[in-house]
Amino acid sequence: MNELIAGVLDGRARAIARLLTLVENSESAAETAVTALYPHTGQAHIIGITGPPGSGKSTLVNEIAKRLRQQGQRVGILAIDPSSPFTGGALLGDRVRMRDLAGDSGVFIRSMASRGSLGGLAQATWAAIKVLDAAGFAKILVETVGAGQAEVDIARAAHTTLVVEAPGMGDDVQAFKAGILEIADILVVNKADRPGSERVVRSLELMLHLGPMGGTRHHGRILTATIPAANGTSSGWQIPVLPATASEGRGTAELVTQIQQHLAHLQMSGEWQEREQERCRHELRQLLQMRLLARLDTAVSQNEQDALVTAVAAREIDPYTAVRQLLNHFPANHEVSGKSASTT
Amino acid sequence: MEIKPRILIAKPGLDGHDRGAKVVARALRDAGMEVIYTGLRQTPEMIVESALQEDADAIGLSILSGAHLPLVARIMELLTENEMDDVPVFLGGIIPPDDIPTLQGMGVAGIFGPGASTQEIVHFINDTLAAAQGDRAV
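Residues numbered from 1 in each chain as written. Chains lettered and ligands numbered in written order. Predicted model: local features only at pLDDT ≥ 70, side-chain atom pairs only at ≥ 80, totals over all residues. Heavy atoms only, no water.

Colleague: Please set out the confidence of the model for chain A residue by residue, giving values where relevant.
Modeller: Residue and element names in this part refer to chain A. For chain A, the average pLDDT comes to 86, and 85% of its residues sit at 70 or higher. Averaged over each element, pLDDT in chain A is lowest for helix α12 (residues 338-342) (44) and highest for strand β5 (residues 139-143) (97). With pLDDT under 50 throughout, residues 222-234 is counted as low confidence; its partners more than four residues away or in other chains account for 20 contacts. Under a pLDDT of 50 for its full length, residues 334-344 has, in the predicted model, two contacts with residues more than four places off or in other chains. (pLDDT = per-residue confidence, 0-100. Helix = DSSP H or I, 4+ residues; strand = E, 2+ residues; numbered from the N terminus. Contact = heavy atoms within 4.5 Å.)

So, in structure tokens, the structure goes:
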């Protein structure tokens, strides 16, 4: 493990690849790795790319990475695809669209299976980001599972979130729904060469209150509205809506410019620190949740848990009562002391 | 967390017939493996780079172009250069029986021609990986 960590800090591809596998497969390996690497992280600009399946996320990642490489930045890519809920297997196909990046030692691409996580990322994605960060990749592109409306974890993991839409996926009411569109720092309408793309751009702009008059027009009156940024702070960042045709590389130069501008905005407005704070808070709570559940599993046998599930299913007890019974296995925190332990 | 075998499936060379590769990829997925599918027209360099970055436990190649001897030779050479000789390579496609001993001599662990069942391939991978794990544990 120490050898691998030294290799990662040196930026050696084999060591990075091996450590990513360990971090993915074992929580205790992730703990050891992150503990050792953490002082070397915090340098990378983490960019999330999300959107529905088939909207062109992988192709866009390929183009963004090419442009960033022209600027001389080392690029790490984590591409997440879904695991089968039935067999646990996965077909990870994002590399198919990233063949332009082959042979460039300044790019490292890793495919990840979601392994049962539902938020668009894999559980190990957070640790994997740290491995790439410590390995010295200035930009880390995280491509989520094809996301519908509510897979918003990426906004918590990334500094800059791109939401990719494409024409032909619903009317403009979709643009007003809560969820994934709200997490965008940059909205991309990909496949802009297809019919209907201007309408998607317009609906999104309307949704953002970025109409040509700077507000929403209704019966001839301009209604201005202030919209809170995705994380609840009013940041002053104007979310751009960018048409692009990633398969031909069109619109991607402007996209990369906007990504860099968003980074500059984060740094100058002080929002970088706020987002880091939110990132860390979310990660801590996730880890805590995981560990507390693990602790429950050691305190209460599987049989006992199964018996409760059966009782709930048979309508003998309700789910709230069942949870209360499970929580009884944990002493309330102020009672945790040597005394209570000695009575058992 | 459960450990899943990671298998890279690639098509080196210039033939454009990827149905076999897709059928195998799908079968391995259904057998609970994580399959990294890289698509058509891969060079040996691209395949070995992908296998390295993905930390693949095994590499499956589909070749129907007839160029299997030079392609496989180059891939095995690159694997050695990258200290990845321990990653088993298996092969599918149109492989004349006369070439099989040569390919085996290069270190190819398994060869599956037309008519091989996907079950056979799944078993082969599971057995090969289990044996490799045993070796490492010793």
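So that's the structure; there's more coming.
Colleague: So, the side chain of R110 of chain A: which residues are in play, and what are the values?
Modeller: Inspection of the secondary structure puts R110 of chain A in strand β4 (residues 107-113). The exposure class assigned to R110 of chain A is buried, which follows from its relative accessible area of 1%. In this structure the side chain of R110 of chain A is engaged in a polar contact, spanning 2.9 Å, whose partner is the side chain of T21 of chain A. Discounting chain neighbours no more than four positions away, the residues touching R110 of chain A are A17, L20, T21, E24, I77, L78, A79 and R95 of chain A together with R6, Q53, E54 and D55 of chain B. (Buried < 20%, exposed > 50% of the residue type's maximum accessible area, 1.4 Å probe, protein only. Polar contact = N/O pair within 3.5 Å; in protein donor to acceptor, adjacent residues only side chain to side chain.)

Colleague: Describe the packing of helix α1 (residues 2-9) of chain A against helix α2 (residues 13-25) of chain A, with residues and values.
Modeller: Residues and elements named next belong to chain A. Close contact between α1 and α2 brings their axes to 8 Å; oriented N to C, the two are set at 125°. Regarding the angle of α1 to α2, the classification is oblique. The hand of the α1/α2 crossing is left-handed. Between α1, through L4, I5, G7 and V8, and α2, the contact on the second element is made entirely by A15, I16, R18, L19 and L22. The residue inventory of the contact of α1 with α2, partitioned by class, reads seven nonpolar, one polar and one charged. (Axes fitted to C-alpha atoms, helices over the stretch in contact; angles between N-to-C directions. Parallel < 35°, antiparallel > 145°, perpendicular 65-115°, else oblique. Left-handed = near helix turned anticlockwise from the far one by under 90°. Nonpolar A, V, L, I, M, F, W, Y, C, P; charged D, E, K, R; others polar.)

Colleague: Account for the environment of G11 of chain A, naming residues and giving values.
Modeller: Residue and element names in this part refer to chain A. Relative to the elements of secondary structure, G11 occurs in the loop between α1 and α2. Classification of G11 as partly exposed rests on a relative accessible area of 22%. G11 sits 21 residues away from T32 along the chain, and the two C-alpha atoms are 18 Å apart. Filtering out sequence-adjacent residues up to four positions away, G11 remains in contact with I16, R74 and A135.

Colleague: Break down the sheet that holds strand β2 (residues 75-81) of chain A for me, citing the residues and quoting the values.
Modeller: All names here are of chain A. Taken together, the seven strands give an open sheet; going across it, the order is β4-β2-β5-β1-β6-β7-β10, and neighbouring strands pair in parallel fashion. Of all the strands in the sheet, just β4 and β10 (241-243) have a single pairing partner and so form its edges. Strand-to-strand twist of the sheet, defined as the mean angle between neighbouring strand axes without regard to direction, takes the value 20°. With seven bridges connecting them, β2 and β4 associate as parallel partners. Each residue of the ladder has a partner; that of A79, found in β4, is S111. (Pairing = 2+ DSSP bridges.)

Colleague: Describe the interface of chain A and chain B, naming the residues involved and giving the relevant values.
Modeller: In this assembly, 30 residues from chain A lie in contact with 31 residues from chain B. Taken together, the two surfaces of chain A and chain B that pack against each other cover about 2600 Å², and 47% of this comes from carbon and sulfur. When the buried area of chain A at its contact with chain B is split by residue, R14, R95 and R99 of chain A rank highest and sum to 24% of it. Residues R95 of chain A and E54 of chain B are paired through a salt bridge, measuring 2.6 Å at the closest nitrogen-oxygen approach. Our count for the chain A to chain B interface comes out at 20 residue pairs in polar contact (both at pLDDT 80 or more). Of all the elements in the fold, those that place two or more residues in the side of chain A that touches chain B are α2, β3 (90-92) and β4 of chain A. With seven residues, the top contributor of residues to the side of chain A that touches chain B is α2 of chain A. Residue composition of the side of chain A that touches chain B, grouped by class: eleven nonpolar, ten polar and nine charged. Examined bridge by bridge, β3 of chain A and strand β2 (residues 34-37) of chain B share three bridges and lie parallel to one another. By the bridge assignment for β2 of chain B, A90 of chain A is matched with E34 of chain B. (Buried area = accessible area lost by both parts, 1.4 Å probe. Salt bridge = Lys/Arg side-chain N within 4 Å of Asp/Glu carboxyl O.)

Colleague: An account of the sheet that holds strand β5 (residues 110-112) of chain B is needed here, citing residue identities and associated values.
Modeller: Strand order in the open sheet formed by six strands is β3(A)-β2(B)-β1(B)-β3(B)-β4(B)-β5(B), and the pairing between neighbours is parallel. Each edge of the sheet is formed by a strand with only one pairing partner; in this case those strands are β3 of chain A together with β5 of chain B. Taking each pair of neighbouring strands and ignoring which way they run, the sheet shows an average axis angle of 20°. Where strand β1 (residues 6-10) of chain B and β2 of chain B come together, four bridges link them in parallel fashion. Residue R6 of chain B lies in a different strand from β2 of chain B, and its bridge partner there is E34 of chain B. Where helix α2 (residues 44-54) of chain B meets the sheet, it contacts β1, β2 and β3 (58-63) of chain B, and its direction lies at approximately 165° from that of β1 of chain B.

Colleague: Lay out the side chain of R279 of chain A in plain terms, naming residues and giving numbers.
Modeller: Residue and element names in this part refer to chain A. Checked against the element boundaries, R279 lands in helix α9 (residues 271-299). Given the relative accessible area of 11%, R279 is considered buried. Of note is the side chain of R279, whose polar atom sits 2.9 Å from the side chain of E276. Setting aside residues no more than four positions away along its own chain, R279 makes contact with I46, W126, R156, A157 and H159.

Colleague: Go over the pattern of salt bridges, please, and point to the residues and values.
Modeller: This structure, assessed with the given rule, holds 28 salt bridges over all chains. Here R110 of chain A ties to E24 of chain A by a salt bridge, and the two come within 3.8 Å at their closest N and O atoms. A residue pair is termed long-range when its members are at least 10 positions apart, and R110 of chain A in strand β4 and E24 of chain A in helix α2 qualify at 86 residues. Here R110 of chain A matches E24 of chain A in class, with each residue buried. Put simply, R74 of chain B and E45 of chain B hold a salt bridge, and the shortest N to O gap is 3.0 Å. With R74 of chain B in helix α3 (residues 68-81) and E45 of chain B in helix α2, this residue pair connects regions lying 29 residues apart in the sequence. Judged by relative accessible area, R74 of chain B falls into the partly exposed class, the value being 28%. On the basis of relative accessible area, E45 of chain B is assigned to the partly exposed category, the value being 39%.

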